[in-house]
Amino acid sequence: MKVFKESKTIKLYLQKLKFSQKSSNFTVGFVPTMGALHAGHISLIEASVKNCSITVCSIFVNPEQFNNKKDFELYPIDIANDLEILEKAGCDVVFVPNYEEIYGRNYLSKDYDIDGLDLILEGANRPGHFQGVCAVVHRLLEIVNPNDLFLGQKDFQQTVVLQRLVDKLNLGVKLTIMPIIREKNGLAMSSRNVRLSEYARENASFIYNSLLNVKHSIGNTNLQDVLKNEIEKINNIPNVEVEYLTVVDGNFLQSINNWDESERKVALIVVKYEGVRLLDNVLLD
Ligand code: AMP
């Protein structure tokens, strides 16, 4: 496994590698991450290893997508352990840049027009977050120039935003969205889970369960009543607060009021548990 820190060097390495391939079937798969890798990340690496000729993974905790300085400072980092995990998973190339390698010395943020998808849901709760995501992914795609980009359904809105970015800027990369990997109790794996107390981590199954309750109510019970009921139940749990629980159309991310308003429904939830923001979602169709 090769590890690069400089944009120029990895770009040149990948260009040469592509050029030296005789086969037109040679494909580069890319998995962007912020490190602190867990089984969710590894499922993306494995999908890339299975489907592409070589797999590139980036580890970069992108300050531009953190609207909360404390959240950025608390983000767990363990590069040595990540590299070990990636090697075992069959990753071929790892990119571990610093800020300057991504943004240069005098970064002026761009304004990506993604039709307002960046302003709702997570975007409304975390102003500037998706602009930062677009900036880093755009730059990483420029450097790695992959054929396939592997993303997790865990960050559902991110997948919709990035598909729109790729379409609008004609970036010519194919997105593959992989299912959410969960702990045994249903808690969606996340690098932020380490910030929960042991008790909370073991008892966080109510998040996924509430999404399943929504799913099982399709067609039977009024959608608004189901959501209200689930929110009330969760808010009664100590140290827990629902930021939002909603059902949206999976293409446009607009909340729907009735079950029959969309044929690609997704239930999205964010709760704060012991002050840690936890995201989850379930596809309903
Ligand atoms: P992150 O390191 O949090 O930026 O995540 C990097 C990629 O891993 C993103 O595409 C995430 O959606 C994906 N990911 C994170 N957690 C999971 C999970 N539990 N299951 C599947 N994919 C995940």
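Higher on the page you've got the structure.
What follows is about the overall build of the protein chain. Helices and strands together make up the secondary structure of the protein chain, namely 11 helices and 9 strands. For 285 residues, the compact-globule formula gives about 19 Å, and the C-alpha radius of gyration of the protein chain, at 19 Å, lands near that figure. In terms of overall dimensions, the protein chain has a C-alpha envelope of 60 × 40 × 40 Å along the principal axes. Across the 285 residues that make up the protein chain, the buried fraction comes to 51%.

Our next topic: the packing of aromatic side chains. Under the criterion given, the structure shown has 7 aromatic pairs. Their ring planes at 40° and their centres at 4.8 Å tell us that Tyr-99 and Tyr-103 sit as a pair that is tilted. With Tyr-99 and Tyr-103 both in helix α5 (residues 99–103), this residue pair falls 4 residues apart, about one helical turn. Residue classification places Tyr-99 among the partly exposed residues on the basis of a relative accessible area of 31%. One aromatic cluster in this structure is built from Phe-60, Tyr-99, Tyr-103 and Tyr-107. Positioned over the ring face of Tyr-208 is Arg-182, at 3.6 Å from the centre of the ring.

This next bit is on the site of the ligand. The environment of the ligand is formed by 16 residues, the closest being Met-34, His-41, Asp-155, Ile-181 and Met-189. Between Gly-152 and the ligand, the recorded distance is 2.9 Å, taken from a backbone N or O atom to an oxygen atom. Relative to its unbound accessible area of 480 Å², the ligand is 92% covered by the protein chains. Taken together, the elements giving at least two residues each to the shell around the ligand come down to β2 (28–33), α2 (39–51) and β5 (148–152).

This part is about helix α11 (residues 223–235). A rise of 1.5 Å per residue sets the reference length of α11, with its 13 residues, at 18 Å; its end C-alpha atoms lie 18 Å apart and thus fit the reference within 8%. Along α11, the residues classified as buried are Leu-223, Val-226, Leu-227, Glu-230 and Ile-234. The buried residues of α11 occupy an angular sector of 95° when the element is viewed end-on, so they sit on one face. Check the buried side of α11 and you find it contacts α10 (205–216), β7 (240–249) and β8 (265–273). N-capping of α11 is provided by Asn-222, with a side-chain oxygen placed 2.9 Å from the backbone N of Gln-224.

A separate point is the nonpolar core. Counting 43 residues, the largest nonpolar core has Ile-10, Val-56, Ile-102 and Leu-149 as the members making the most contacts within it. Contact partners of Ile-102, with chain neighbours within four places excluded, come to Phe-60, Phe-95, Pro-97, Val-136, Arg-139, Leu-140 and Ile-143.

On the secondary structure map, Asp-71 appears in helix α3 (residues 69–74). In contact with Asp-71, not counting residues within four places along its chain, are Phe-66, Arg-126, Arg-192 and Arg-195.

Looking at where Ser-109 falls in the secondary structure, it is placed in the loop between α5 and α6 (122–125). Its relative accessible area of 59% is what places Ser-109 among the exposed residues. In the structure, Ser-109 is positioned 26 residues away from Ala-135 in sequence and 7.7 Å away in space, judged by C-alpha atoms.

Reading the values: the criteria
Residues numbered from 1 in each chain as written. Predicted model: local features only at pLDDT ≥ 70, side-chain atom pairs only at ≥ 80, totals over all residues. Heavy atoms only, no water. Helix = DSSP H or I, 4+ residues; strand = E, 2+ residues; numbered from the N terminus. Rg over C-alpha atoms; globule rule 2.2 N^0.38 Å. Buried < 20%, exposed > 50% of the residue type's maximum accessible area, 1.4 Å probe, protein only. Phe/Tyr/Trp six-rings, centres within 6.5 Å; stacked < 30°, edge-to-face > 60°. Lys NZ or Arg CZ within 6 Å of the ring centre and 35° of its normal. Near = heavy atom within 4 Å. Polar contact = N/O pair within 3.5 Å; in protein donor to acceptor, adjacent residues only side chain to side chain. Areas by Shrake-Rupley, 256 points an atom, 1.4 Å probe, with all protein chains shown as cover. Expected span 1.5 Å × (residues − 1). Arc of directions from axis to C-beta. Contact = heavy atoms within 4.5 Å. Core = buried A, V, L, I, M, F, W, Y, C linked by side-chain atoms within 4.5 Å.

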